[in-house]
Amino acid sequence: FLMGQDGLAGIDVYDPKAQAPGGGRVGMSIDEINKAYAGKIKQVPNPTFEGAAFLEVPAPDGKDTQLTFETDALGNVTNWRIARKNALAHEESCTR
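A quick note: this is a predicted structure, and the numbers were derived from the prediction, not measured.

**Q** Tell me about the side chain of Asn-79, and name the residues and values.
**A** Examined against the element boundaries, Asn-79 turns out to sit in strand β6 (residues 77–84). Within the structure, Asn-79 has its side chain in polar contact with the side chain of Thr-78 (distance 3.1 Å). Leaving out residues up to four positions away in the same chain, Asn-79 has contacts with Asp-12, Val-13, Tyr-14, Val-26, Thr-68, Phe-69 and Glu-70.

**Q** Report on the pairing of strand β5 (residues 65–71), specifying residues and quantitative values.
**A** If a strand is regular, its side chains alternate between the two faces of the sheet. In terms of burial, β5 is a largely internal element, six of the seven residues being buried. The pairing of strand β4 (residues 53–58) with β5 spans five bridges and is classified as antiparallel. Note on β5: the bridge partner recorded for Pro-58 is Gln-66. Bridge analysis of β5 against β6 gives seven bridges, and the strand direction is antiparallel. Its bridge partner being in β6, Glu-70 is matched across the sheet by Asn-79. Here β5 folds back onto β6, and the loop between the two strands holds five residues, one of which, Gly-75, carries a positive phi near 85°.

**Q** I'd like a description of the pattern of salt bridges, backed by residues and values.
**A** Evaluated as defined, the whole model comprises two salt bridges. The shortest N-O distance in the salt bridge between Asp-12 and Arg-81 comes to 3.0 Å. Of this pair, Asp-12 sits in strand β2 (residues 7–13) while Arg-81 is found in strand β6, placing the two residues 69 residues apart along the sequence. When its relative accessible area of 14% is taken as the criterion, Asp-12 is described as buried.

**Q** Lay out the side chain of Arg-81 in plain terms, naming residues and giving numbers.
**A** On the accessibility criterion, Arg-81 (4% relative accessible area) is buried. Looking at Arg-81, its side chain comes within polar contact range of the side chain of Asp-12, at 3.0 Å.

Here is what the cut-offs are and how they apply
Residues numbered from 1 in each chain as written. Predicted model: local features only at pLDDT ≥ 70, side-chain atom pairs only at ≥ 80, totals over all residues. Heavy atoms only, no water. Helix = DSSP H or I, 4+ residues; strand = E, 2+ residues; numbered from the N terminus. Polar contact = N/O pair within 3.5 Å; in protein donor to acceptor, adjacent residues only side chain to side chain. Contact = heavy atoms within 4.5 Å. Buried < 20%, exposed > 50% of the residue type's maximum accessible area, 1.4 Å probe, protein only. Pairing = 2+ DSSP bridges. Salt bridge = Lys/Arg side-chain N within 4 Å of Asp/Glu carboxyl O.

Dropping the structure here:
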């Protein structure tokens, strides 16, 4: 969990059984995430792990949250998080 001044700011999810809003899961490939969130993904290189990436999905209706999938160098989702925008940097997770 990531705690901010106003309480809970975000959560990290590592369980492949847990489904993110829109259908994404740990273990899915970048292609599968792109299909599930067609036209909504912004892919950002992970500065910490070569070949890894962050896949950002904007919140619906301009809400102040961000759904982010983190991938490994093979292009598979290792975790996903929902957090308030700008609550943490890409290279941080709620559990680090």
